[in-house]
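# Overview (structure and organization)
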Amino acid sequence: MPSVPITRSHVELLPDPRRLITKPYLPADPVSAEGRTRIEQMIQRILALPSNESEDTLEQLRKTFGQRHLDLDEVFIRGFSAVAHAVPDAAGLSGDLQRLIGAYFAHEYSLESAALTNPSIVEAPDQTGVADGSLRVIVSFRAIGEGHVSSIEFRTGVLGPEGEIEFATAGVPVIGNRRSPEFDKELFGAKLEELGAGDGLVAQTLGRLGDKFTMAHLDASLAELGRTEASHEVQHVLQVMHWLASSNYELTFPPHSEVSQRVLYPSGPTESQGMEDARWVRFVEADGSVLYYATYTAFDGFSILPQLIETVDFETFRIATLNGPAARNKGIAIFPRRVAGAYAALARCDGESNYLMLSENVRFWHDAERIQLPARPWELMQIGNGGAPIETEAGWLVITHAVGPMRQYSLGAILLDIDDPRLVIGHLREPLLVPDESERDGYVPNVVYSCGSLIHGDRLVIAYGASDTSTTFATAPVDALLAALT
């Protein structure tokens, strides 16, 4: 079988602990002997400070943290808003005193303190000003911070004619504005049934709602149910319905912000402990319209759930649960167009093999067919996809990840029939990429892992993480790879 020459890039992106966001800091709140909570006690101490000490403390905070955040005053106000209910005469306090209180109930969080890894690469929606032969790209990463909580970050870069990549400087991270979307009652009810909550109480609650409803409408209907019924069963229904609604949301970022500033930080209950391994795809509809999908693994500390991101501009993102019995486990990757009129996706339903899923609705996946079992020595433990399939004249090119002895991860490749992707028509006998000596050591040793690649010119460009620590890139001639597969 022909060998496939691989060229590793000199570009390596390392985690940067200075990539910071702010989060509320609300300490555990036991009631003191005086009958006050800890938050109330803290507020009383702050209010008791002499005015000159309050002013000096706030001034020093601005000097210390002002260059690390785009709008420090807004950070302080968010902190104040989180505890305003416990502040006596909150509205009557001066703006600076509100900000000082807010500063005590906020803290910095380092997005990348542990790792910046498992990347996916797609063509950017805006190619304005890019030189001939080059391509502007967006690379997403799994950024792992304190407590091993993962978020999704981005960088923009330009691929040159030879596959070389240069990244723009990343700006100060920004967290988007979260809002609840409009829900479709039929789809919402179907997901509840899948969760085992589709009983009469659910029908009663949904019956008060229109075909389209908002979180406010749902809360009002749930409140009505709570007033008329009081049982453990009712409380369970209330929790499940609110949990599901809270797991679907939209994030909008300021138009003046750069893509590399925007951070998708866990905002829903299903992902409270992490948003992992986003697999992006530039999806083209039959009419030529373009949108971007990403599937990722939501982790709440106990269980995982595949979820979907949709965007057209990387400014507004819609996050939704994936539904159906086939939408389980990690590693779902959507094809870049419909196949025979249906959405298509690769999955690893059993945790060790590659499956094909077809559906009329990108959010619902009911059936899956196994198309590839582990077969080579370097992949006998498990296999999965390394991102969205790539369309070529020879078929659908799929970069795969594989786990072999000593739990070493490598990258391989398969080729699927262009009209019937259930058929595997090519399979590399040897790995395409294995960890070299510079990539073996890290948070998880002996790993190369990718969540997405693309073809630029005559080269395949692979974005990959090294040992769950850093990110780098490699290229391979497409002709040589296809020749090895066919």
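Below: a short report on this structure. (Residues numbered from 1 in each chain as written. Predicted model: local features only at pLDDT ≥ 70, side-chain atom pairs only at ≥ 80, totals over all residues. Heavy atoms only, no water.)

## Here we look at the overall build of the protein chain
- Summing up its helical and strand segments, the protein chain has 9 helices and 29 strands in all.
- Against the globule reference of 23 Å for 486 residues, the protein chain gives a C-alpha radius of gyration of 25 Å, in line with a compact fold.
- In terms of overall dimensions, the protein chain has C-alpha extents of about 80 × 55 × 45 Å along its principal axes.
- For the protein chain, the proportion of its 486 residues judged to be buried stands at 53%.
- In the protein chain, the proportion of contacts linking residues at least 24 apart, taken out of those at least 6 apart, comes to 60%.
- Carbon and sulfur atoms form 51% of the exposed surface of the protein chain, whose accessible area is close to 21,500 Å².
- Across the protein chain, the centroid of the 39 positively charged side chains sits 2 Å from that of the 65 negatively charged ones. (Helix = DSSP H or I, 4+ residues; strand = E, 2+ residues; numbered from the N terminus. Rg over C-alpha atoms; globule rule 2.2 N^0.38 Å. Buried < 20%, exposed > 50% of the residue type's maximum accessible area, 1.4 Å probe, protein only. Contact = heavy atoms within 4.5 Å. Areas by Shrake-Rupley, 256 points an atom, 1.4 Å probe, with all protein chains shown as cover. Lys, Arg positive; Asp, Glu negative; His and termini not counted. Charge placed at Lys NZ, Arg CZ, Asp CG, Glu CD.)

## Observations concerning the nonpolar core
- Core analysis: the biggest nonpolar cluster contains 22 residues, and Phe154, Leu264, Trp280, Tyr296, Ile309, Phe314 and Phe317 have the highest contact counts within it.
- The set of elements that each furnish at least two residues to this core consists of strand 6 (150–159), strand 12 (249–252), strand 14 (275–284), strand 15 (290–299) and strand 17 (316–321).
- Top element by residues in this core is strand 15. It accounts for 4 residues.
- For Leu264, the contacting residues outside a window of four places in its chain are Ser151, Ile152, Phe154, Leu251, Phe253, Met275, Ile309 and Phe317. (Core = buried A, V, L, I, M, F, W, Y, C linked by side-chain atoms within 4.5 Å.)

## Concerning the side chain of Thr321
- Inspection of the secondary structure assignment puts Thr321 in strand 17.
- Setting aside residues up to four positions removed in sequence, Thr321 forms contacts with Lys191, Leu244, Ser247, Asn248, Leu305, Pro306, Gln307 and Arg363.

## Side note on the sheet that holds strand 4 (residues 115–123)
- Taken in spatial order, the 4 strands line up as 4-5-6-7 in an open sheet, and their pairing is antiparallel. Since the sheet does not close on itself, it has two edges, and those belong to strand 4 and strand 7 (165–167), each with one partner. Strand-to-strand twist in this sheet, taken as the mean axis angle between neighbours without regard to direction, amounts to 35 degrees.
- Looking at chain direction, strand 6 and strand 7 are connected through 3 bridges and run antiparallel. Paired with Val158 across the bridge in strand 7 is Glu166. (Pairing = 2+ DSSP bridges. Axes fitted to C-alpha atoms, helices over the stretch in contact; angles between N-to-C directions.)

## Some thoughts on the pattern of salt bridges
- Tallied over the entire structure, the rule returns 28 salt bridges.
- Across the salt bridge formed by Arg62 and Asp96, the nearest N and O atoms sit 3.4 Å from each other. Of this pair, Arg62 sits in helix 2 (residues 51–65) while Asp96 sits in helix 4 (residues 95–104), and the two are 34 residues apart along the sequence.
- For Glu276, the salt bridge goes to Lys330, with nearest N and O atoms at 3.9 Å. Taken together, the residues span a long stretch of sequence, with Glu276 in strand 14 and Lys330 in the loop between strand 17 and strand 18 (333–334) at a distance of 54 residues.
- Note on Lys330: relative accessible area 31%, which makes it partly exposed. (Salt bridge = Lys/Arg side-chain N within 4 Å of Asp/Glu carboxyl O.)

## Let's talk about the sheet that holds strand 27 (residues 448–456)
- Sheet architecture is open: 4 strands sit in the order 1-29-28-27, paired in antiparallel fashion. Both outer strands of the open sheet, strand 1 (7–13) and strand 27, are each paired with one neighbouring strand and no more. Adjacent strand axes in the sheet meet at a mean angle of 20 degrees when their direction is disregarded.
- Examined bridge by bridge, strand 27 and strand 28 (residues 459–466) share 7 bridges and lie antiparallel to one another. Residue pairing for strand 28: Leu454 is matched across the bridge by Val461.
- Running over the sheet, helix 9 (residues 478–485) touches strand 27, strand 28 and strand 29 (470–477) and is turned about 75 degrees from strand 29.

## Quick notes on the side chain of Ser140
- Summarising the element assignment, Ser140 is placed in strand 5 (residues 135–144).
- Once you skip the residues sitting within four places of it in the chain, Ser140 turns out to touch Asn118, Pro119, Ser120, Ile152, Glu153, Phe154, Ala278 and Trp280.

## What to know about the packing of aromatic side chains
- If you walk through the whole model with that rule in mind, you get 17 aromatic pairs.
- Ring geometry for Tyr109 and Tyr265: centres 5.6 Å apart, planes at 70 degrees, overall edge-to-face. Placement of Tyr109 in strand 3 (residues 106–110) and of Tyr265 in the loop between strand 13 (262–263) and strand 14 is noted, with a sequence separation of 156 residues between them. For the pair shown, Tyr109 and Tyr265 are each scored as buried.
- An angle of 65 degrees between the planes, with centres 5.4 Å apart, marks the rings of Phe283 and Tyr293 as edge-to-face. Taken together, the residues span a long stretch of sequence, with Phe283 in strand 14 and Tyr293 in strand 15 at a distance of 10 residues. For the pair Phe283 and Tyr293, one class covers both residues: buried. (Phe/Tyr/Trp six-rings, centres within 6.5 Å; stacked < 30°, edge-to-face > 60°.)

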